[in-house]
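# Coordinate analysis (summary)
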Amino acid sequence: MASTAGVALYPGSFDPVHNGHLDIIVRARHMFGRVVVGVATNLDKSALFPVDDRVAMLRAATRAHPGIDVRCFDGLTVEFARRVGARVIVKGLRAMMDFEYELKMAAMNKRLRPEIETVFMMTSPEFAYLSSTLIREVSAFGGSVVGLVPPSVARRLGRTIHLQAR
Ligand code: PNS
């Protein structure tokens, strides 16, 4: 599919990035000239990984794909979208459970900045059950997340959980 020239922002917490996120990033890149992945810093206190680590893991996972920038941001997503020149915010939808949460955010963002559109992409079926919360939980109890996250994230999760358990 030919890409349109615009910039799209894909914001999230990415704590950590998993293969469902990467699926959306790569597919969004097919549609837009540039995709900025925005890692929100706001939740830092409750996050497993500090924002710099979340950014580093995303950069490593997207390095092979041109046209994808990974940046962190604080404050409002719509203001960050304006700063990077994005007229579109991309979000992934897995199931109905995502819908209400995403609908509220999209409506608030529209109210804050009407010129910015939120575009939803359906997560590919093989990733429909994936979430960073589940990845953290499975990892914390010693389950394997290989094949669900990029290899560097799987290694990093193993080390982090091991250190926390000491
Ligand atoms: O990965 P998540 O948890 O779905 O990401 C949520 C995120 C970071 C996109 C959302 O919390 C957000 O936009 N935070 C930035 C602050 C903001 O703009 N809040 C108002 C959104 S309506």
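What comes next is a walk through the structure.

Rules used throughout
- Residues numbered from 1 in each chain as written.
- Predicted model: local features only at pLDDT ≥ 70, side-chain atom pairs only at ≥ 80, totals over all residues.
- Heavy atoms only, no water.
- Phe/Tyr/Trp six-rings, centres within 6.5 Å; stacked < 30°, edge-to-face > 60°.
- Buried < 20%, exposed > 50% of the residue type's maximum accessible area, 1.4 Å probe, protein only.
- Pairing = 2+ DSSP bridges.
- Helix = DSSP H or I, 4+ residues; strand = E, 2+ residues; numbered from the N terminus.
- Right-handed = clockwise from strand over helix to strand, strands pointing away.
- Core = buried A, V, L, I, M, F, W, Y, C linked by side-chain atoms within 4.5 Å.
- Contact = heavy atoms within 4.5 Å.
- Salt bridge = Lys/Arg side-chain N within 4 Å of Asp/Glu carboxyl O.

### Structural notes on the packing of aromatic side chains
If you walk through the whole model with that rule in mind, you get 2 aromatic pairs. When the centroid spacing of 5.4 Å and the interplanar angle of 65° are considered together, the rings of Tyr10 and Phe14 count as edge-to-face. Note on Phe14: relative accessible area 2%, which makes it buried. Ring centres of Phe73 and Phe80 lie 4.8 Å apart, and the angle between their planes is 10°; this geometry places the pair in the stacked category. A relative accessible area of 1% places Phe80 in the buried class.

### Concerning the pairing of strand E5 (residues 117–122)
Where strand E4 (residues 88–93) and E5 come together, 6 bridges link them in parallel fashion. Counterpart to Val88 in the pairing with E5 is Glu117. In this view, the connection linking E4 to its parallel neighbour E5 by way of helix H4 (residues 96–112) has right-handed handedness.

### Here's the deal with the nonpolar core
Within the largest apolar cluster, 30 residues are counted, with the highest numbers of intra-cluster contacts made by Tyr10, Ile25, Val37, Val39, Leu58 and Val90. For this core, the secondary-structure elements that each account for two or more residues are strand E1 (4–12), helix H1 (19–31), strand E2 (32–40), helix H2 (51–62), strand E3 (68–73), E4 and helix H6 (151–165). Those residues in contact with Val90, other than ones at most four positions away along the chain, are Ala8, Leu9, Tyr10, Pro11, Ile24, Ala28, Phe32, Val119 and Met121. Counting 12 residues, the second largest nonpolar core, distinct from the first, contains Val36, Ala40, Val78 and Ala86.

### Observations concerning the pattern of salt bridges
One pass over the structure, following the stated rule, counts 10 salt bridges. Note that Arg34 and Asp69 form a salt bridge whose closest N and O atoms lie 2.3 Å from each other. Of the two residues, Arg34 sits in strand E2 while Asp69 sits in strand E3, which places them 35 residues apart along the sequence. Overall, the relative accessible area of 27% leaves Arg34 in the partly exposed class. Residues Arg113 and Glu79 are paired through a salt bridge, measuring 2.9 Å at the closest nitrogen-oxygen approach. Of the two residues, Arg113 is situated in the loop between H4 and E5 and Glu79 in helix H3 (residues 77–84); the sequence distance between them amounts to 34 residues. By relative accessible area, Arg113 is classed as partly exposed at 23%. Since its relative accessible area comes to 26%, Glu79 is described here as partly exposed. One connected set of salt bridges, linked through shared partners, spans Glu79, Arg82, Arg113 and Glu115.

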